[in-house]
Amino acid sequence: MAKQIIKMDLNRVEGDLEIKLEVDDHTVTDAWCVGTMYRGFEQILVGRAPTDALVITPRICGICSTSQLYAATSALEVAFQTPLAPNATRIRNLCLMAEAVMSDARHTFLMFAPDFCNPAYRGQPLYGEALELFEPPFKGRVARETVYHSKQILGIVIAFGGQWPHATYMMPGGVTCPLTEESLAACLAAIDDYTQWYEQTVLGCRCERWLGLNTMADFFAWLDETEAHRHSAVGVFARFGRALGLHQTGQGTPHLLSTGCYYDPENWQPPFTARQCLQPAGFYDGETDRIESFDQRQVAEHVRYSWYADYGGGRHPWEGETQPDYQPDGDRYTYAKAPRYQDQVVQLGPLSDLVIAGDRLLTSFFQAEGANTWLRQFTRFHRPVSLLQQMRRTVIELQQHFDEPTFIKSALGAEGEGCGLINASRGSLGHWVKIKDGRIANYQVITPTSWNGSPRDSANRRGHWEESFIGLEIKDLDNPIELCHVVRSHDACLVCTVHFVKGGRKRTFLV
Amino acid sequence: MYLYWDQLKQELSEQGQNFRGRDREATLLWMACGSCNGESMAILGAEGPGKAGYNLLDFLEDEGVRLLWHPSLSETSPREAATIIARILAAEEELAMLCVEGSIINGPHGSGMYDTFDGQPKRDIIRALCDRAQYVIAMGTCSAFGGIPAAPPNPSESCGLQFTNEQPGGLLGPEWRSRAGLPVINVAGCPADAQTMIKTMSLVLAGLPLELDKFNRPLTVGPCLSDGITKRCGTAQKVGYACVGCIGAKFPLSKPMFRQVELPQRELPVLLPPRAPIFMIPGSDAAGNGAPCHG
Ligand code: SF4
């Protein structure tokens with residue numbers, strides 16, 4: 001076949017990204033992730049009052065705006081060493097968990113699962129069942145219910161923030177919103193309703209039962225146990241996904257990173273050095289198979305292949321620069337930077353967070369099969385179960401500490417540097433801020449997607465997504481469904497347009 | 001007078017004058033530019049717990065609107081979307097409503113290459129589409145006025161469809177009118193409220209006259225969390241920080257933007273009902289009287 005360029009796209013992904021692939025026959029041999037939009041948040045923040053970050057940064061993303069707000073608030077707290085009300089940490093954690101639970105459902109049932117209904121799978125034994133549950137757009141039973149229930153669980157964020165997305169109810173020292181019996185009752189009711197739906201439709205069993213699954217073998221035994229398990233949403237996903245071999249694709253880099261999340265309310269206080277978290281931070285070294293402690297100073301961003309003024313090598317975000325420099329010709333290809341940890345390419349996301357936090361079921365799968373498309377998506381089914389429990393626990397704690405304040409007043413300083421690290425629904429998110437003379441002197445945000453979807457770095461090593469496409473076999477280049485699964489399992493926060501460059505031609509067009 | 005949703009629906013159905021009635025198919029195309037997807041998320045609905053809100057899907061169904069494309073909700077891929085866009089531009093497909101989310105990005109150096117679709121500046125595609133649409137609705141402050149991305153130093157050279165902040169102009173120029181003879185309808189808000197977006201689209205489809213203020217905002221637009229009668233932002237009172245003015249054309253030029261409003265201490269705990277039962281109301285009507293909802 002003559003060399004030709006095939007253009008091909010993905011739908012149902014948020015944001016702006018294009019992926020260019022080099023395909024040899026039907027196998028992907030190289031890949032480039034191209035961020036196609038630049039808005040310049042970091043430049044907008046410079047020179048503004050530090051608390052402006054609380055209003056501006058949530059607007060980075062309408063899907064994870066609670067996460068952005070939490071990270072921004074934490075960064076200022078660390079910079080100013082602000083004492084903070086334990087109840088505020090509880091409320092923040094609760095809202096962040098609600099956002100994650102919402103995102104897990106919307107991502108799984110509105111973005112990932114519809115691909116099972118692709119015409120390419122007509123011959124699959126589970127196709128009919130997949131259609132019944134997931135058929136897009138919003139026709140499948142689970143898909144429809146997801147719209148309703150994910151909205152309901154967001155009621156928790158609304159109870160405290162008044163609106164979603166983009167409320168600014170957190171500030172250094174606490175939260176601005178009051179704690180009322182009503183809001184707590186509303187939260188519990190929302191958690192109850194959601195749990196009920198989750199048990200009935202998604203799991204096909206009680207949450208307690210699910211949480212008793214500790215190993216891969218436990219899971220498969222559970223799956224075979226009853227019809228209810230097999231035909232639940234997770235049952236159908238698990239069987240269909242494995243029948244397609246999704247547990248053998250999309251590995252990417254072997255290194256995992258999680259910067260930790262859900263601070264222990266009583267212990268998260270200045271000097272903020274001991275980071276005790278429900279989901280502890282860590283770096284899993286894929287070569288030594290060990291989890292090491294995480295040190296934010298080991299983060300560096302490269303711009304060698306990005307459209308920014310080059311500074312040579314990697315830079316820690318506090319020293320970082322965001323000076324766009326668009327050059328259509330040459331080897332730079334994206335508006336995304338390339339963050340690295342300890343000079344390694346890492347992958348982030350719910351799977352990394354939970355494996356590093358020591359989740360038994362996921363670790364068992366991870367040890368047997370490594371990170372892969374199926375396991376990443378399976379995590380999105382698994383995570384809400386423990387989060388819902390933790391959310392209920394948090395509400396009860398708030399109930400027990402009802403008479404304590406949600407905010408501690410203290411003067412904000414004029415100088416300082418801080419970083420706010422949390423796990424957003426798609427993985428670890430960090431805000432790094434430097435304040436001079438009461439103004440923001442530097443602000444750098446590293447989102448989970450900037451880690452995962454990063455371009456090549458100064459040493460010309462591919463980013464995690466780029467790496468995860470290599471070797472993938474695509475049967476029908478006009479309907480590259482295999483690729484869709486890999487991309488979606490990463491919950492790309494980007495509208496992906498995928499461009500094939502066949503037969504060794506590279507980057508010859510676009511952008 | 002402020003119309004409640006049910007009343008409005010009633011009036012619309014009595015009028016029976018919507019696009020269907022007039023024999024013209026109502027189509028909707030949604031384009032996202034320099035956006036955070038906040039409106040797309042909001043229009044999936046987010047009410048207080050336990051409330052079944054009206055969302056985009058219900059709207060499409062009830063009003064018989066055909067969604068031509070939405071970047072994150074449609075099944076159609078961007079490549080097919082490019083075909084749909086081409087058909088609209090070639091006048092082979094009617095476009096009743098064009099909804100735009102996010103600022104119009106003109107950088108770097110006026111080229112528009114900071115935001116591309118299919119290798120072309122998205123800005124140019126939007127401009128062409130606007131000329132084919134019966135109605136153009138800017139969903140959110142970014143597409144109306146530039147919003148957050150247009151904040152100084154405006155690194156992406158962003159503007160709104162017909163304004164740059166409070167300056168008339170923007171992408172289309174102040175004189176521009178849609179096929180139905182209206183300027184861009186600015187459903188301001190950050191994000192624009194879901195019910196406001198839907199109400200506005202319903203009014204447009206019903207062919208009801210839309211009264212626009214000097215920033216071309218329809219009367220449906222109001223501050224967040226307002227009670228609908230006083231039209232005052234309820235954020236300070238309910239959440240404890242001052243209104244950031246997100247429906248204003250100048251948003252976010254104000255400096256500093258964030259101001260806490262300390263809320264009065266809550267009443268004495270003794271006045272409240274005993275706490276214990278709260279743990280035992282699985283799904284009881286506690287859900288109904290829950291949180292304030294947006295709008
Ligand atoms: S107006 Fe607000 S919510 Fe809408 S795209 Fe802009 S920043 Fe996002």
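Conventions we followed
Residues numbered from 1 in each chain as written. Chains lettered and ligands numbered in written order. Predicted model: local features only at pLDDT ≥ 70, side-chain atom pairs only at ≥ 80, totals over all residues. Heavy atoms only, no water. Pairing = 2+ DSSP bridges. Helix = DSSP H or I, 4+ residues; strand = E, 2+ residues; numbered from the N terminus. Axes fitted to C-alpha atoms, helices over the stretch in contact; angles between N-to-C directions. Contact = heavy atoms within 4.5 Å. Disulfide = S-S within 2.5 Å. Near = heavy atom within 4 Å. Buried < 20%, exposed > 50% of the residue type's maximum accessible area, 1.4 Å probe, protein only. Parallel < 35°, antiparallel > 145°, perpendicular 65-115°, else oblique. Nonpolar A, V, L, I, M, F, W, Y, C, P; charged D, E, K, R; others polar.

Participant: Could you give an account of the sheet that holds strand S11 (residues 185–187) of chain B, with specific residues and numbers?
Facilitator: Either a parallel or an antiparallel arrangement is found when strands of a sheet pair, and the pairing is made through backbone hydrogen bonds. Residues and elements named next belong to chain B. Here 5 strands make up an open sheet; going across it, the order is S2-S1-S3-S7-S11 and the pairing parallel. The sheet is open, and its two edges are formed by strand S2 (66–69) and S11, each paired on a single side. Within this sheet the neighbouring strands show an average axis-to-axis angle of 25°, counted without direction. Judged from the 6 bridges that link them, strand S3 (residues 95–101) and strand S7 (residues 133–139) form a sheet pairing that is parallel. Looking at the pairing, Glu 101 lines up with Met 139 of S7. Strands in contact with helix H5 (residues 122–132) are strand S1 (27–32), S3 and S7; relative to S7, the strand with the most contacts, it is inclined by about 135°.

Participant: Can you lay out the state of the cysteines for me, pointing to particular residues and giving the numbers?
Facilitator: Overall, the coordinates contain 0 disulfides over all chains when judged by the stated rule. In this structure A:Cys419 is a free cysteine whose sulfur lies 12 Å from that of A:Cys277, the closest cysteine sulfur available. Here B:Cys233 is not cross-linked by a disulfide; its sulfur's nearest cysteine counterpart is in B:Cys243, at 3.8 Å.

Participant: How would you explain the site of the ligand if you had to name every residue and give the values?
Facilitator: By nearness alone, every residue bordering the ligand is listed as A:Arg59, A:His166, B:Ser35, B:Cys36, B:Gly38, B:Glu39, B:Gly140, B:Thr141, B:Cys142, B:Gly189, B:Cys190 and B:Pro191. At the ligand, the nearby residues belong to more than one chain, namely chains A and B.

Participant: Tell me what's going on with the pairing of S1(B), and back it up with residues and numbers.
Facilitator: All names here are of chain B. Counting buried positions along S1 yields 6 of 6 residues, so the element is predominantly enclosed. Both S1 and S2 contribute to a ladder of 3 bridges, which runs parallel. Looking at the pairing, Leu 28 lines up with Leu 67 of S2. Pairing between S1 and S3: 5 bridges, direction parallel. What sits directly across from Leu 28, in S3, is Met 97.

Participant: Give a detailed account of the sheet that holds strand S9 (residues 282–285) of chain A, specifying residues and quantitative values.
Facilitator: Residues and elements named next belong to chain A. Overall, antiparallel pairing links the 3 strands, which are arranged S6-S9-S10 in an open sheet. If you trace the sheet from one side to the other, it starts and ends with strand S6 (256–258) and strand S10 (290–292), each paired once. Neighbour-to-neighbour, the strand axes of the sheet open up by a mean angle of 15°, direction not taken into account.

Participant: How would you sum up the packing of helix H10 (residues 216–225) of chain A against helix H14 (residues 360–369) of chain A? Please name residues and give values.
Facilitator: Packed helix pairs are characterised by how far apart their axes lie and by the angle those axes make with each other. Residues and elements named next belong to chain A. The geometry of H10 relative to H14 is characterised by a closest axis approach of 8 Å and an angle of 105° between their N-to-C directions. Taken together, H10 and H14 sit at an angle that is classed as roughly perpendicular. On H14, the residues that touch Met 216, Phe 219 and Phe 220 of H10 are Leu 361, Ser 364, Phe 365, Ala 368 and Glu 369. Residue composition of the contact of H10 with H14, by class: 6 nonpolar, 1 polar and 1 charged.

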